[in-house]
Amino acid sequence: MHYTNFISKCFEKFACHAFPMCIQLWINKAYIRWFDVKMEEFDTIASYTTLNALFTRSLVKMRSFDKTDRKMIAPCDSTIMELGACKNGIAMQIKGKTYCVRDFIKNDLGEGYSFVNFYLSPSDYHRFHAPLNLKIKRLEFVSGKLRSVNEKSLLKCGDVFAQNKRVILECEDDFGETLYFVAIGALNVGKIQIHFAPSVAEFEESQTLEFAEPIFVKKGDEMGSFLMGSTIVLLSKNWEYQLKLKEKVYFGQCIAKLQDKESYADKN
């Protein structure tokens, strides 16, 4: 076991333990203060009986967003760490650090794809949602390391994305294009929750789930959650992103529009 995986298991036990309420309140308040967590959209501090419950807090009220099929929304609250075109099967982890996409998604990507890296800090809302209407055809769980995915660590260590534990969702959008939604584990993120496949959180070994009938998720549907912070990578085709490096984005915010192509008019 890699030492970061051991640290993460120890932290998970602490985070999932329900301390007496007076102690738990102190832990919750200390965490909120240390990471400057904004709680306006969430329940009261006293409602979270473990630190894990606070990490995976849900929104009290659903955010509004553009429901049209030609606009993509941010899947999570996060910071844009890198974005660009996949070239010759290579994507950018962070400036100066690249990785092979085939090693990352365990499949050949094809031409014309772009990538966006969404970094969820410890202060962010840790649930993630469908950026579009999606048909999920395949889920691949990859057992791996749990290295940190913050900026300092990504600049120091190459190929972190392709080595870390992750869940790969191979999807199809409304226009028949394949989109990959990849939730990456990290230090202190031992489990990745996927709502339509809850057993994945307990997987230890790499394995693939093929869905005979694709699982449909509507744009904005909650798909899963992380324990503490991590990263989501979107690999998509024919979407024009309206994002900047280091930009803070929020779930529900419009981040891309469908490229104006005559071929889509033929499909609809």
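Everything numeric here is computed off the predicted structure, so don't read it as measured data.

A.B. asks: I'm lost on the state of the cysteines in this one. Help?
C.D. replies: Simply put, the disulfide is a covalent bond whose two ends are the sulfur atoms of two cysteines. Counted according to the given criterion, the structure contains zero disulfides. Cys22 takes part in no disulfide bond, and the closest cysteine sulfur, belonging to Cys16, lies 20 Å away. Taking relative accessible area as the criterion, Cys22 reaches 60% and is therefore assigned exposed. Cys100 takes part in no disulfide bond, and the closest cysteine sulfur, belonging to Cys86, lies 10 Å away. By relative accessible area, Cys100 is classed as partly exposed at 28%.

A.B. asks: How should the pattern of salt bridges be read in this particular structure?
C.D. replies: For side chains bearing opposite charge, pairing can occur when the charged atoms are close. Tallied over the entire structure, the rule returns twelve salt bridges. Across the pair Arg63 and Glu41 runs a salt bridge, and its minimum N-O distance is 2.7 Å. With a gap of 22 residues between them, Arg63 in the loop between α3 (51-55) and β1 (71-73) and Glu41 in the loop between α2 (21-35) and α3 connect regions that are remote in the sequence. For Arg63, a relative accessible area of 14% gives the class buried. When its relative accessible area of 34% is taken as the criterion, Glu41 is described as partly exposed.

A.B. asks: In this structure, what is going on with the sheet that holds strand β16 (residues 254-258)? I would like to understand it.
C.D. replies: Sheet strands pair by backbone hydrogen bonding; their relative direction is either parallel or antiparallel. One open sheet accounts for three strands, arranged β1-β16-β14; its pairing is antiparallel. What marks the edges here is a single partner per strand, and that holds for β1 and β14 (239-241). With strand direction ignored, the average angle separating the axes of adjacent strands in the sheet is 30 degrees. Sheet analysis places β1 next to β16, joined by three bridges and oriented antiparallel. Pairing of Lys71 across the sheet is with Lys257, part of β16.

A.B. asks: I would appreciate a short explanation of the nonpolar core in the present structure.
C.D. replies: Nonpolar side chains tend to gather and get buried jointly when the protein is soluble and globular. By size, the foremost hydrophobic cluster in this structure holds 39 residues, and its most contacted members are Met72, Phe118, Phe128 and Tyr241. Top element by residues in this core is strand β7 (residues 134-142). It accounts for four residues. Counting 24 residues, the second largest nonpolar core, distinct from the first, contains Ala91, Ile105, Leu154 and Tyr180.

A.B. asks: Would you mind going over α2 with me for this structure?
C.D. replies: Three or four residues apart is the spacing at which side chains of an α-helix point the same way, because the helix has 3.6 residues per turn. Relative to the 21 Å expected for 15 residues at 1.5 Å per residue, α2 spans 21 Å between its end C-alpha atoms, a close match to the ideal helical length. Of all the residues in α2, the buried ones are Gln24, Ile27, Asn28, Tyr31 and Ile32. On an axial view of α2, the arc spanned by its buried residues comes to 125 degrees, and they lie on one face. Exposed side of α2, more than 90 degrees from the buried face: Cys22, Trp26, Arg33 and Trp34 are the residues found there. Trailing α2 by a residue or two, Asp36 shows a phi angle of about 55 degrees, which is positive.

A.B. asks: Would you mind showing me how to read the packing of aromatic side chains here?
C.D. replies: Geometry of an aromatic ring pair is reported as the spacing of the ring centres plus the angle between the planes. Per the stated rule, a full pass over the model turns up 13 aromatic pairs. Taken together through their ring pairs, the aromatic side chains of Tyr31, Phe35 and Phe55 make up a single cluster. The ring of Phe42 carries the charged tip of Arg57 above its face, separated from the ring centre by 4.7 Å. Note that Lys67 overlies the ring of Phe65, its terminal NZ or CZ placed 4.5 Å from the centroid.

Scoring rules and cut-offs
- Residues numbered from 1 in each chain as written.
- Predicted model: local features only at pLDDT ≥ 70, side-chain atom pairs only at ≥ 80, totals over all residues.
- Heavy atoms only, no water.
- Disulfide = S-S within 2.5 Å.
- Buried < 20%, exposed > 50% of the residue type's maximum accessible area, 1.4 Å probe, protein only.
- Salt bridge = Lys/Arg side-chain N within 4 Å of Asp/Glu carboxyl O.
- Helix = DSSP H or I, 4+ residues; strand = E, 2+ residues; numbered from the N terminus.
- Pairing = 2+ DSSP bridges.
- Axes fitted to C-alpha atoms, helices over the stretch in contact; angles between N-to-C directions.
- Core = buried A, V, L, I, M, F, W, Y, C linked by side-chain atoms within 4.5 Å.
- Expected span 1.5 Å × (residues − 1).
- Arc of directions from axis to C-beta.
- Phe/Tyr/Trp six-rings, centres within 6.5 Å; stacked < 30°, edge-to-face > 60°.
- Lys NZ or Arg CZ within 6 Å of the ring centre and 35° of its normal.

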